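So you can see what is in the structure, the chains are spelled out below.
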Amino acid sequence: VIACVSHASKQSALKEYDIDIQQRDAISDFVDSYKTLPLETTKDNLIGNINKVQIVDTCIYVLDKEQATIFVFNTEGKYLNKICRQGRAPEEYLGLSDFMVYNADVYCLSHANQKIFVYNMQGDWERTIALDDGYERFYIQDDNTFYLFSDESNEKHYNYIVFNPLTNRVVNQLDEFEKNQGYCYEHFPFHAVDSNLLVTEQYDPTIYRLTPTEKQPLYSFLFNTQDKIYDELKTLDRAKLSQLLWGKEILRNLHAINLKGHILTIAYSIFCHDAGIRDFISRIDLETNTIKTIRLGDEIFVQYPFLTTILDVHDGWFISTIPAVLAVDKGKELDMFA
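Criteria and thresholds
Residues numbered from 1 in each chain as written. Predicted model: local features only at pLDDT ≥ 70, side-chain atom pairs only at ≥ 80, totals over all residues. Heavy atoms only, no water. Pairing = 2+ DSSP bridges. Helix = DSSP H or I, 4+ residues; strand = E, 2+ residues; numbered from the N terminus. Axes fitted to C-alpha atoms, helices over the stretch in contact; angles between N-to-C directions. Core = buried A, V, L, I, M, F, W, Y, C linked by side-chain atoms within 4.5 Å. Buried < 20%, exposed > 50% of the residue type's maximum accessible area, 1.4 Å probe, protein only. Contact = heavy atoms within 4.5 Å. Phe/Tyr/Trp six-rings, centres within 6.5 Å; stacked < 30°, edge-to-face > 60°. Lys NZ or Arg CZ within 6 Å of the ring centre and 35° of its normal.

1. Quick look at the sheet that holds strand β9 (residues 125-130)
Spatial ordering of the open sheet is given by β6-β7-β8-β9, a layout of 4 strands whose pairing is antiparallel. Where the open sheet ends on each side, the last strands, each with one partner, are β6 (98-102) and β9. The average angle at which neighbouring strand axes cross in this sheet is 20°, direction not considered. Relative to β9, strand β8 (residues 115-119) is paired through 5 bridges, and the arrangement is antiparallel.

2. Topic: the nonpolar core
As a rule of thumb, nonpolar side chains are buried together in soluble globular proteins. Of all hydrophobic cores here, the largest spans 26 residues; its most connected members are Tyr107, Ile116 and Phe190. Those elements that place two or more of their residues in this core are β6, β7 (105-110), β8, β10 (137-142), β11 (145-149), β12 (158-164), β15 (196-199) and β16 (206-210). Ignoring sequence-local partners within four residues, the contact set of Tyr107 consists of Asp98, Phe99, Met100, Tyr102, Ile116, Phe117, Val118, Arg127, Ile129, Phe138, Ile140 and Phe146. Ranked by size, the runner-up nonpolar core spans 22 residues in total, among them Phe221, Phe223, Ile270 and Ile284.

3. Considering unusual backbone geometry
One non-glycine residue with positive phi stands out, namely Ala104, at about 65°. Relative to the elements of secondary structure, Ala104 occurs in the loop between β6 and β7. Positive phi, close to 55°, is recorded for Asp194, a residue that is not glycine. Counting through the fold element by element, Asp194 comes out in the loop between β14 (190-193) and β15. For Asp194, a relative accessible area of 67% corresponds to the exposed category.

4. Describing the packing of aromatic side chains
Considering all chains together, one arrives at 17 aromatic pairs under this definition. On the numbers, 6.3 Å between centres and 80° between planes, the contact of Tyr93 with Tyr119 is edge-to-face. With Tyr93 in the loop between β5 (79-83) and β6 and Tyr119 in strand β8, the pair connects residues that are 26 residues apart, well separated along the chain. In terms of burial, Tyr93 and Tyr119 fall into one category: buried. Look at Phe223 and Tyr268: their rings are 4.8 Å apart centre to centre, the planes differ by 45°, and that puts the pair in the tilted class. Here Phe223 is found in strand β17 (residues 215-223), whereas its partner Tyr268 is found in strand β19 (residues 263-272), with 45 residues between them in sequence. For Tyr268, a relative accessible area of 0% puts it in the buried group. Put simply, the rings of Tyr17, Tyr219, Phe221, Phe223, Tyr268 and Phe280 pair up and form one aromatic cluster. Positioned above the aromatic ring of Trp317, the side-chain terminus of Lys35 is 4.8 Å from the ring centre. Lying across the ring of Phe188, Arg137 places its NZ or CZ 4.3 Å from the centre.

Listed below in C-alpha cells is the structure:
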C-alpha cells in the first residue's frame, strides 16, 4: 500500500489468480523432503529473533536485528562466528537494517548511518560505501548494480534506487512516492528467481519483476479474505493505516517465491479472524491454472513437525524457523523427546 502509485504500479499484471484461503489441500502436495537443523547454542551466540537467513556454499548466515548481529553457522548447524560491530567508530554501524553475502564478503546495510559496511568472513572491516539517504533493504546483482529499497521511508522519494557502488552514482530511480512515511515494514522485498529479480511489498498481492529500467507486474492474486483493501486506503499514512487494519482479515505480505518450470509456489501471511496471523502456501500451475493451498499451523504434521511458518526459500527449499523451546514442546507432543 503506497501513498502515491507510480505509473509502473498501475500496469495490469500479466496473469491474475483467485486463491481460496479456505481450501485445505494435503501437505504432500507441497513438501516431498524435509530436514531439521538444530543450530548450536553457545554463550557467544544466543539468538533472540531470526529476521533473515541466507545460505551461501557451506555457511548459514542468520540476522538478529535487535542485537544488530549476524551469526554464522556451517550447514551442519555448528556455530562458527558472528559479525557484531555496533558502535560509533568509523568501521561500526549504529544498527543493522539488512545484510547480504556477496563474493566472500558480508555487506551490512545501516539505515541510520546511510552506509553499507563491508566485512570479511572473520568480521574484520574492509570498506564502507556511502549512500545518499537511508534505505531499509538492498540486493546486490553484480559488482556494478545494487538495488536499494527505501520502503517509502526516506527523503529520496523513490522506492527503488539502482546504484553503482564502483562509481558511487545513482543509475536510475523507480517507483516514486509522495511522502516520507518514516514507518517501514518488517518485510524483505527481494526474491532472486532464476535469472530474474522479483519483488513483493507489504499488503500488495502482486509479484513484480525488477530491472534497472522498470518495475513490471507479473502475477497478481485475489484472496477471498473477509476484509478488503480499497483504493482509498492507499492515501493513508502508514501509522493510520496500521491502526485501521488492526484485526482485519487481509494479506500481510508475500514473503517467499519459488518457480520450477511452470509451477509457481508462494508463501504468504494473512491475518485470519479464527486463528490470528497464519502462513499459507499456494501452488499454482501456470499452464493449467490449477491452484492448491494449505494453511500452516492448524495441525502438527507428524512427518514435518516444525513446519508452521515460512521465512524464505533457498534452492527450492522453503526455510522455516522455530525457537528451540517451541521445538521441544512440539517434540514432546509427538513423543520425539524424552
